[in-house]
Amino acid sequence: MTTRLRPLTPRLGAEIDGIDAATVGEDDLGLLRDALREYKVVFLREQRIDLDGLLAFSRHFGELMRLPYIRPLDGYPEIIRVLKQAHEIDMGTFGGDWHSDFSFLAAPPKASILYAEEVPRVGGDTLWIDMVEALRRLPADLRAALDGRDAIHTGAPYGVAHAPAADTRFRGSIEIERDNPEADRETRHPAICRHPDSGAEMLFVNPTYTTRIDGYGEAESKGLLAELYRHLLRPEFACRFRWRPGSIALWDNRNTLHYAVNDYDGQRRCLYRTAIAGHPPVAGG
Ligand SMILES: [Fe+2]
């Protein structure tokens, strides 16, 4: 089969045909890595892999990491099941706000992979935001306010200090460890980072885990972050993916944010996820 790449938008997201994740070879991997560098999120359709196949596919992109605060699958410490069942209605979903995965770790994952086993007939899409383009289009005054500053991240949803209100908490089939004071520990990362592979500058903040910008008072920092999110959470920087059973998404977790849309009450959605270990983010500028 010939390999074909179909961009979802000019700079973010591309579907690739003609690759079988179960038997992927060096040529395919080269294409996947190139596409990931250029489009930041890549998608494969109609894949058939089991959990060992998902691990093997994931290892082509680096060392797997075990995620804190979420109970992994029995027998598979490096896989989490992202599951919402049909009876779980009127509640949040896992990943249901803009974030990059585990940005509060000293070394957040460099990439994440999702494999869809069962998805709603319609709904349950995932969106991504291009943080390179968001920075490129950032107004000069906002850029100046962030230059040389660190953003403070915490494991807010898993901790005590910034825990979400009880009625907005996801409390479904994923076993999340909550109210852990460890998760309140602050980690600082530069607000503007340089991508270690492409060299591109990008924003590295997100509404889920970033609590403030260092060097500003509480109110000023809050206002700055609100303005920043108003700028970057725009359709111009986004792509949206509609899952089908057997779809795989592989994304760069350093230069994108993502959001799982919770619009499919009454339908079951089950995906499996791995994360690839990364390095501490490096300042841009
Ligand atoms: Fe996520």
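Throughout this document, residue positions are counted from 1 along each chain, in the order its sequence is written. Selection of residues for local features in this predicted model requires a pLDDT of at least 70, selection of side-chain atom pairs for listing and counting requires 80 or more, and totals for whole chains, interfaces and linings are taken over all residues. The side-chain figures draw on all heavy atoms in the structure; neither hydrogens nor water molecules are used.

### Notes on the packing of aromatic side chains
Here is step 1 of the chain: The rule is short: rings of Phe, Tyr and Trp, with Trp giving its six-membered ring, pair when the centres are within 6.5 Å, and they are stacked under 30 degrees, edge-to-face over 60, tilted in between. What the rule picks out here adds up to 14 aromatic pairs.
Here is step 2 of the chain: Here Phe 43 and Trp 128 contribute two aromatic rings whose centre-to-centre distance is 5.4 Å and whose plane-to-plane angle is 70°, an arrangement assigned as edge-to-face. Here Phe 43 is found in strand 3 (residues 41-44), whereas its partner Trp 128 is found in strand 6 (residues 126-130), with 85 residues between them in sequence.
Here is step 3 of the chain: Classification of Phe 43 as buried rests on a relative accessible area of 0%.
Here is step 4 of the chain: What makes Trp 128 buried here is its relative accessible area of 0%.
Here is step 5 of the chain: Ring plane angle 70° and centroid distance 5.3 Å describe the contact between Phe 57 and Phe 61, whose orientation is recorded as edge-to-face.
Here is step 6 of the chain: Using a relative accessible area of 1% as the deciding quantity, one classes Phe 57 as buried.
Here is step 7 of the chain: Exposure categories follow from relative accessible area, calculated using a 1.4 Å probe and restricted to protein chains: below 20% of the type maximum is buried, above 50% is exposed, and the middle band is partly exposed. Taking relative accessible area as the criterion, Phe 61 reaches 10% and is therefore assigned buried.
Here is step 8 of the chain: Clustering of aromatic rings is evident, with ring pairs tying together Phe 43, Trp 128, Phe 241, Trp 243 and Trp 251.
Here is step 9 of the chain: Comment: the charge-over-ring label is applied if NZ (Lys) or CZ (Arg) is within 6 Å of the ring centre and within 35 degrees of the ring normal. The aromatic ring of Tyr 264 is capped on one face by Lys 84, whose charged end is 4.5 Å from the ring centroid.
Here is step 10 of the chain: If you follow Arg 149 out to its NZ or CZ, it ends over the ring of Tyr 216, 4.5 Å from the centre. A run of H or I in DSSP becomes a helix once it reaches four residues, and a run of E becomes a strand once it reaches two; helices and strands are each numbered from the N terminus.

### Considering the environment of Arg 269
Here is step 1 of the chain: Residue placement: Arg 269 occurs in strand 15 (residues 269-276).
Here is step 2 of the chain: Classification of Arg 269 as buried rests on a relative accessible area of 5%.
Here is step 3 of the chain: Throughout, a residue-residue contact means that at least one pair of heavy atoms, one from each residue, lies within 4.5 Å. The residues contacting Arg 269, other than those within four sequence positions of it, are Val 82, Leu 83, Lys 84, Glu 118, Val 119, Pro 120, Gly 124, Asp 125, Thr 126, Trp 243 and Tyr 264.
Here is step 4 of the chain: Any pair of N or O atoms that falls within 3.5 Å is considered a polar contact. Within protein, one atom must be able to donate a hydrogen and the other to accept it, and sequence-neighbouring residues count only if both atoms are side-chain atoms. A distance of 3.3 Å separates polar atoms of two side chains, one belonging to Arg 269 and the other to Thr 126.

### Some details on the coordination of the iron ion
Here is step 1 of the chain: Coordination of the iron ion by the protein comes from His 99 (NE2), Asp 101 (OD) and His 258 (NE2), over a distance range of 2.1 to 2.2 Å.
Here is step 2 of the chain: Water is absent from the atoms considered, so a metal site may look incomplete; donors are defined as N, O and S atoms within 2.8 Å of the metal, or 3.2 Å for Na, K and Ca. Counting gaps between the donor residues of the iron ion yields the pattern H-x1-D-x156-H. One end of the pair, His 99, is in the loop between strand 4 (80-84) and strand 5 (111-118); the other, His 258, is in strand 14 (residues 256-260), with 159 residues separating them in the sequence.
Here is step 3 of the chain: We classify His 258 as buried; its relative accessible area is 6%.

### Describing the environment of Gly 285
Here is step 1 of the chain: For Gly 285, the position within the fold is in the segment after strand 16 (282-283).
Here is step 2 of the chain: The exposure class of Gly 285 is exposed, given its relative accessible area of 73%.
Here is step 3 of the chain: For the pair Gly 285 and Ile 192, spaced 93 residues apart in sequence, the C-alpha separation works out to 7.2 Å.
Here is step 4 of the chain: Among all residues touching Gly 285, those that are not within four sequence positions of it are Arg 143, Arg 194 and Glu 201.

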